[in-house]
Amino acid sequence: MKILVVNAGSSSLKYQLLDMEDESVIAKGNCDRIGIDGHISHKTFDGRSYAADCDFPTHTEAFEKLVEVLTTGDAAVISSMSEISAVGHRIVQGAEVFDKPCIVTEEIIDKIDELRDLAPVHNHAHALALRACTKVIPETTPQVAVFDTAFHQTMPKKAFMYGLPYEDYENYGVRKYGFHGTSHRFVTAKYAKETGKSLEGLNIVTCHLGNGSSVTAVKDGKSVDTSMGFTPLDGLLMGTRTGAIDPSAVTFVAEKHGFTAAEMSDYMNKKSGFLGISGVSSDNRDISDAADHGNERAQLAKEMLVYDIKKYIGSYAAVMNGLDVVIFTGGIGENAPDVRADVCADMDVFGIKIDESVNDCKGKLVKISTEDSAVEVWVIPTNEELLIARDTLELISKS
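Residues numbered from 1 in each chain as written. Predicted model: local features only at pLDDT ≥ 70, side-chain atom pairs only at ≥ 80, totals over all residues. Heavy atoms only, no water.

Chemist: Honestly, the packing of aromatic side chains in this entry has me stumped. Any pointers?
Modeler: Centre-to-centre distance and the angle between the planes together describe a pair of aromatic rings. For the coordinates displayed, the defined rule picks out seven aromatic pairs. Between the aromatic rings of Tyr-177 and Phe-230, the centroid separation amounts to 6.3 Å while the plane-to-plane angle is 40 degrees, which identifies the pairing as tilted. In this pair, Tyr-177 is assigned in the loop between helix H5 (166-172) and helix H6 (181-195) and Phe-230 in the loop between strand S11 (222-226) and helix H7 (247-257), connecting sequence segments 53 residues apart. Given the relative accessible area of 2%, Tyr-177 is considered buried. Ring geometry for Tyr-191 and Trp-378: centres 5.7 Å apart, planes at 80 degrees, overall edge-to-face. (Phe/Tyr/Trp six-rings, centres within 6.5 Å; stacked < 30°, edge-to-face > 60°. Helix = DSSP H or I, 4+ residues; strand = E, 2+ residues; numbered from the N terminus. Buried < 20%, exposed > 50% of the residue type's maximum accessible area, 1.4 Å probe, protein only.)

Given below as structure tokens:
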């Protein structure tokens, strides 16, 4: 059984085709610059590739090209789209409407689009991609929507509410939603499978660290708090995002610069974080290199990230009344041993000890804590596309 996983952005369409018999990737690629000019890059499991500039005025043309490269030419991997059993879509914002994956219908697409005010960059693009996919794939091929926010719908009200008047929650849905839920859910389940342990009774902190980063408190296998909030801007210092900030600092800076609300949002989302602090780059690899060469602002950016992560681990241990496991994942979490080491240093209050020789690895599933560490520390590579494919397979099998 083959499942196509799609992750649509406002001007991009990333995809993976998976064989669910062994959960291997058959092909993957990206249609980008949709609505601008267009480009596709495509790679197969056996090393073939295809790339071309294309005319992508909308997501429909991108989907048509995706189908073309999957089924024809030197990099084809299937003879027709009828070989695909289902399409799984990553949807960023499900709000309180969607707490689990669902079969896509026209009504579901409309509801996803209605939530675009809560995720203006993503949800409308998701709706466009869903409609485009419907036009291109066979009518008998089901589509499944998997929501980034769904894992966090188990948070108690005391964790997700803000101190604004209650009417803003009732009328406008202003609350903490959390993101990266698919990743946090994947690594938590992977830990249980790898160790043979039940998640019941365990207090886990999962750290998804990348250009966008979030930390989640997972108690008994359920999310009880997370660092991202109403939008992915909240929480940790990130590549170009501020992370948590005093709201009065926002209005103060906006007034000083003469920014509109939209301009201030752009300033905090695209020009801050690692980039704004270091003045060097938004990429952690560049930040680390610059810090190693004596750049004090780059070193400060590194220290701010580590400090933020430590704070969340400590606060979530308090919330859960204990800490059993810390998991690192994401581009930085999986590939930056120095960040992991710095986060775990001086955590004697929790009895965290890591084995530096084991920690000196990248992109591997490995336990990096010592045998006498009171808290287990793991590096677990995430695979959101695989989890979306699994959710899709499970749902269509039930249907």
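Chemist: Explain the nonpolar core to me, please; I cannot follow it from the model alone.
Modeler: It is characteristic of soluble globular proteins that their nonpolar side chains tend to be buried jointly. If you look at the biggest cluster of nonpolar residues, it comprises 40 residues, and the most contacted ones within it are Cys-207, Ile-309 and Ile-313. Secondary-structure elements contributing two or more residues to this core are strand S9 (203-208), strand S10 (214-219), helix H10 (284-292), helix H11 (296-320), strand S12 (325-329), helix H13 (337-344) and strand S14 (376-379). Listed in part, the 29 residues of the second largest apolar core include Tyr-15, Leu-17, Phe-56 and Val-87. (Core = buried A, V, L, I, M, F, W, Y, C linked by side-chain atoms within 4.5 Å.)

Chemist: What am I meant to see in the layout of surface pockets here?
Modeler: If a probe the size of a water molecule is rolled over the atoms, the empty space left behind becomes visible. Of the volumes computed, that of the largest pocket is approximately 1,600 Å³. Around the largest pocket, the lining comprises 48 residues; the ones closest to its centre are Arg-90, Val-92, Val-121, His-122 and Arg-241. Going through the elements one at a time, strand S1 (2-8), strand S2 (12-19), strand S3 (24-32), strand S4 (39-44), helix H8 (261-270) and helix H15 (384-398) are the ones with two or more residues in the lining of the largest pocket. Residues of the lining of the largest pocket, tallied by class, amount to 16 nonpolar, 21 polar and eleven charged. (1 Å grid on protein atoms, 1.4 Å probe; cavity = no way out; pocket = protein on both sides within 12 Å on 5 of 7 lines; lining within 4 Å. Points joined across faces, edges and corners; volume = space filled by probe spheres on them. Nonpolar A, V, L, I, M, F, W, Y, C, P; charged D, E, K, R; others polar.)

Chemist: How should I be thinking about the pairing of S11 in this particular structure?
Modeler: Counting buried positions along S11 gives four out of five residues, so the element sits mostly inside the fold. Strand direction decides the pairing type here: S10 and S11, joined by four bridges, are antiparallel. Bridging across to S11, Lys-219 finds its partner in Lys-222. Adjacent in sequence and paired antiparallel, S10 and S11 are bridged by two residues, among which Asp-220 carries a positive phi angle near 55 degrees. (Pairing = 2+ DSSP bridges.)

Chemist: Is there a simple way to think about the side chain of Thr-182 in this case?
Modeler: Following the sequence through the fold, Thr-182 ends up in helix H6. With near-sequence residues (within four places) excluded, Thr-182 lies in contact with Val-146, Phe-147, Asp-148, Glu-384, Leu-387 and Ile-388. (Contact = heavy atoms within 4.5 Å.)

Chemist: Would you take a moment to explain the sheet that holds S4 for this structure?
Modeler: Strand pairing in a sheet is mediated by backbone hydrogen bonds. Such pairs are either parallel or antiparallel. If you trace the eight strands from one edge of the open sheet to the other, you get S5-S4-S3-S2-S1-S6-S8-S7, paired in mixed fashion. For this open sheet the edge positions go to strand S5 (49-53) and strand S7 (102-103), each flanked by a neighbour on one side alone. Taken together, the five bridges between strand S6 (residues 84-91) and strand S8 (residues 143-147) define a ladder with parallel strand orientation. Bridging across to S8, Arg-90 finds its partner in Val-146. Packing against the sheet, helix H1 (residues 59-71) makes contact with S1, S2, S3, S4, S5 and S6, and its axis sits at approximately 35 degrees to S2. (Axes fitted to C-alpha atoms, helices over the stretch in contact; angles between N-to-C directions.)

Chemist: Please clarify how a negative patch on the surface should be interpreted in this entry.
Modeler: A cluster of acidic residues, Glu-303, Asp-342, Glu-356 and Asp-360, forms a negative patch on the protein surface. Looking at the secondary structure, you find Asp-360 in the loop between helix H14 (356-359) and strand S13 (366-367). For Asp-360, a relative accessible area of 62% gives the class exposed. (Patch = residues over 30% accessible without salt bridge, like charges linked within 9 Å, V, L, I, M, F, W, Y side chains within 5 Å. Areas by Shrake-Rupley, 256 points an atom, 1.4 Å probe, with all protein chains shown as cover. Salt bridge = Lys/Arg side-chain N within 4 Å of Asp/Glu carboxyl O. Lys, Arg positive; Asp, Glu negative; His and termini not counted. Charge placed at Lys NZ, Arg CZ, Asp CG, Glu CD.)

Chemist: Please clarify how the sheet that holds S11 should be interpreted in this entry.
Modeler: Spatially, the six strands line up as an open sheet ordered S11-S10-S9-S12-S14-S13, and their pairing is mixed. Unpaired on one side and paired on the other, S11 and S13 mark the two borders of the sheet. Across the sheet, H6 is in contact with S9, S10, S12 and S14; its angle to S9 comes to roughly 125 degrees.

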